[in-house]
Every structure is written in C-alpha cells, then in structure tokens.
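What follows is each chain in one-letter form.
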Amino acid sequence: MTGAELIPAQLLKRKAVVYVRQSTQSQVMTNLESQRRQYDLVDIARQRGFVDIEVIDADLGKSASGTVARPGFDRLVAWLCAGIATLIQSKSSANPRTAMVWALPCCSTATGL
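Along each chain, residues carry numbers from 1 onward, in the same order as the chain's sequence is written. Local features in a predicted model are, by the rule used here, given only for residues with pLDDT of at least 70; side-chain atom pairs are given and counted only at 80 or more, and totals for whole chains, interfaces and linings are based on all residues. To obtain the side-chain values, all non-hydrogen atoms of the structure were included, while hydrogens and water were left out.

**Remarks on the overall build of the chain**
Looking only at helices and strands, the chain has five helices and four strands in total. Under the scheme used here, helices are H or I runs from DSSP no shorter than 4 residues and strands are E runs no shorter than 2 residues, and both carry numbers assigned from the N terminus. Listed N to C, the secondary structure of the chain is α-α-β-α-α-β-α-β-β in terms of helices and strands. Buried residues in the chain amount to 31% of all 113 residues. We call two residues in contact whenever any of their non-hydrogen atoms come within 4.5 Å of each other. Within the chain, residue pairs in contact and separated by at least 24 positions form 63% of the contacts whose partners lie at least 6 positions apart. Note that accessible areas follow from Shrake-Rupley with a 1.4 Å probe, and for residues the cover is restricted to the protein chains shown. On the chain, roughly 6,900 Å² of surface is accessible, and the fraction owed to carbon and sulfur atoms is 56%. Relative accessibility under 20% of the residue-type maximum defines a buried residue, over 50% an exposed one, and the middle range a partly exposed one, all with a 1.4 Å probe and only protein chains included.

**As for the pairing of strand E1 (residues 15-19)**
Across the five residues of E1, five count as buried, placing the element largely inside the fold. Of the two faces of E1, the one holding Lys15, Val17 and Tyr19 and the one holding Ala16 and Val18 are both buried throughout. Two elements, E1 and strand E2 (residues 53-56), share four bridges in a ladder whose sense is parallel. Residue pairing for E2: Val17 is matched across the bridge by Glu54. In this analysis, strands are considered paired if DSSP registers two or more bridges between them.

**Points about the nonpolar core**
Membership of the largest hydrophobic core comes to 14 residues, with the highest contact counts inside it found for Ile7, Ala16, Val18, Ala45, Phe50, Ile53 and Ile88. Where this core is concerned, the elements lending two or more residues are helix H2 (9-12), E1 and helix H4 (32-47). Here this core gets three residues from one element, more than from any other, and that element is H4. If sequence neighbours within four positions are ignored, Ala16 has contacts with Ala45, Phe50, Asp52, Ile53, Glu54, Thr86 and Ile88. With ten residues, the next largest nonpolar core counts Val17, Ile56, Val77 and Trp79 among its residues. As used here, the term nonpolar core means buried Ala, Val, Leu, Ile, Met, Phe, Trp, Tyr and Cys residues forming a set that is joined through side-chain atoms within 4.5 Å.

**Brief notes about the packing of aromatic side chains**
Here the aromatic set is Phe, Tyr and Trp, taking the six-membered ring for Trp, and pairing holds for ring centres within 6.5 Å; pairs whose planes are under 30 degrees apart are stacked, those over 60 apart are edge-to-face, and all others are tilted. The full count for this structure, using the stated rule, is one aromatic pair. Where Tyr19 meets Phe73, the ring centres are 6.1 Å apart and the plane angle is 55 degrees; that geometry is what we call tilted. Here Phe73 lies in helix H5 (residues 71-82) and Tyr19 lies in strand E1, a separation of 54 residues in the sequence. Here Tyr19 and Phe73 have matching classes, each one buried. Remark: a charge is flagged as sitting over a ring if the NZ atom of Lys or the CZ atom of Arg is within 6 Å of the ring centre and within 35 degrees of the ring normal. The cationic tip of Lys15 hangs over the ring face of Trp79; the distance from NZ or CZ to the ring centre is 5.2 Å. Its end group placed over the ring of Phe73, Arg70 keeps NZ or CZ at 4.4 Å from the ring centre.

**Concerning the environment of Ala16**
Here Ala16 is to be found in strand E1. Between the C-alpha atoms of Ala16 and Ala45, which are 29 residues apart in sequence, the distance is 7.1 Å.

**So, H5**
Expected span of a helix: the number of residues minus one, times 1.5 Å. Under the 1.5 Å per step criterion, the end-to-end length of H5 is 16 Å for twelve residues, consistent within 8% with the ideal 16 Å. Of all the positions in H5, only Gly72, Phe73, Leu76, Val77, Trp79 and Leu80 are classed as buried. What you see down the axis of H5 is that its buried residues fit within an arc of 165 degrees, all on one side. H5 presents Asp74 and Ala82 as exposed residues on the side facing more than 90 degrees away from its buried surface. With its phi angle positive at about 75 degrees, Gly83 sits one or two positions after the end of H5. Note that the arc is defined by the directions from the helix axis to the C-beta atoms.

Listed below in structure tokens is the structure:
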C-alpha cells in the first residue's frame, strides 16, 4: 500500500500545508536539524500524493504564548477551517526520529486554538 492509498483522495485534492515553527530566535539559530526535518515534510507530502503544497514559516522564532501575533498560524487555521487545506506535521514527541506524519483534514472552530 502506498502513502497515497492511506490518505483519502478527497484530502489529496486539498492544499497540503507544512507549518514550520520554532518558539524562539535562539531555536531558529541553533536547532537547524529540527528546521530541516520540518522543511523535509514537503517531500513527504509529495510522496503521499499531494500536488499543491505550501510552506508557512512566517512564525519562526515566535512564541505561542499568546502575546505575539502569528500571522502564519492565523492563515493556517483559516485554511483548515474553510476546508481548503490539510496540515502536514510531524508528531511532537520525545524522540523526533520516530516522528509520524499527520494529515489533519479540519480543525475545531472553538475559540482559544
């Protein structure tokens, strides 16, 4: 079974979005391997059968504390809620080498995301 067979055809028609983010400027400068792995998700999305792939990295170095605007995140949430995009993201875990790829078709419209 190929990666494309694992993801429903309806999702493969959507834009695949790779959201690249690190919380601090220090992480942006020193955690280059993490950044590389996040950008590598573009290739994984392509292997899974996505054609329209966009990278959002406007929020690199911006905390998710709620005190800093994150326009990339806002765009991502808007696309997900409108049903025009699918998020391609590596699973956060203690062992990033065993990261899994998630294809999320939609999001909650609840406040406080």
